[in-house]
Amino acid sequence: MKIMSTTLCLILLSQTPGSRASADELGNAVKAAMRKVEPSIVRLRVIGGEQSVDGDAVTSLVTTGIVISEDGEILTSQFALEGNPEAVLVEDQSGKRTNATVIATDSVRRIVLLKAKEGRWTPVVADDSPTVEVGQWSIALGRFYAAESSSVSVGIISALNRIHGMAIQTDAKVSPVNYGGPLVMLNGSIAGILVPLSPRGG
């Protein structure tokens, strides 16, 4: 699974009848894609360790993960786990929390594999060959405020083969709470895991 970096872009739609219809169609497609993957998106709370955001020390971080097995295996970004945290808690869709442990770290792709201690989990449906092209719509999803709903940002695929061919890039707005969440195409397939371009989140 590839990873992607982020830049920011504001997309303005003119308020003509045709553009409103197009916006409605896009909105419906985004909602349908979200419904396919939302059961597999979880909220993670990282506690303790030498965590920092924008140079400021913090005692805990909230970030996102994506479930890949019924046994509670979860992929997330390395960003929130770099400071040797004291604990990692994961919430299922009912809001129930359980401990998670780090199983493996891929420092090149900047992703981490976690294993939840207990709970009921819905793994994402794998797509071995998602079609990803520059200019396609993309949906960045994260889990911050509520365990049962996701934050969403829509943009386009703006570049391929970044970071020595291991990453794609989206201009959808992504914040640290979205890191570890999925980048989803309009058909509901997952293009990759959201990670920052810079290891420090820049």
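Residues numbered from 1 in each chain as written. Predicted model: local features only at pLDDT ≥ 70, side-chain atom pairs only at ≥ 80, totals over all residues. Heavy atoms only, no water.

Caption draft 1: Here's a closer look at the side chain of Thr76. Inspection of the secondary structure assignment puts Thr76 in strand 4 (residues 73-77). For Thr76, a relative accessible area of 1% puts it in the buried group. Polar contacts involving the side chain of Thr76 include one to the main-chain carbonyl oxygen of Thr64, which spans 2.6 Å. (Helix = DSSP H or I, 4+ residues; strand = E, 2+ residues; numbered from the N terminus. Buried < 20%, exposed > 50% of the residue type's maximum accessible area, 1.4 Å probe, protein only. Polar contact = N/O pair within 3.5 Å; in protein donor to acceptor, adjacent residues only side chain to side chain.)

Caption draft 2: Focus on unusual backbone geometry. At Arg110, a residue that is not glycine, the phi angle is positive and equals roughly 65 degrees. Examined against the element boundaries, Arg110 turns out to sit in the loop between strand 6 (97-106) and strand 7 (111-116). By relative accessible area, which is 19% here, Arg110 ends up buried.

Caption draft 3: Molecular detail of the pattern of salt bridges. This model, assessed by the stated rule, comprises 3 salt bridges. With a closest N to O distance of 2.9 Å, Glu91 and Arg97 form a salt bridge. The partner of Asp106 in a salt bridge is Arg109, with the nearest N and O atoms 3.2 Å apart. Judged by its relative accessible area of 33%, Arg109 falls in the partly exposed class. What you see here is one network of salt bridges that share partners, running through Arg43, Glu91 and Arg97. (Salt bridge = Lys/Arg side-chain N within 4 Å of Asp/Glu carboxyl O.)

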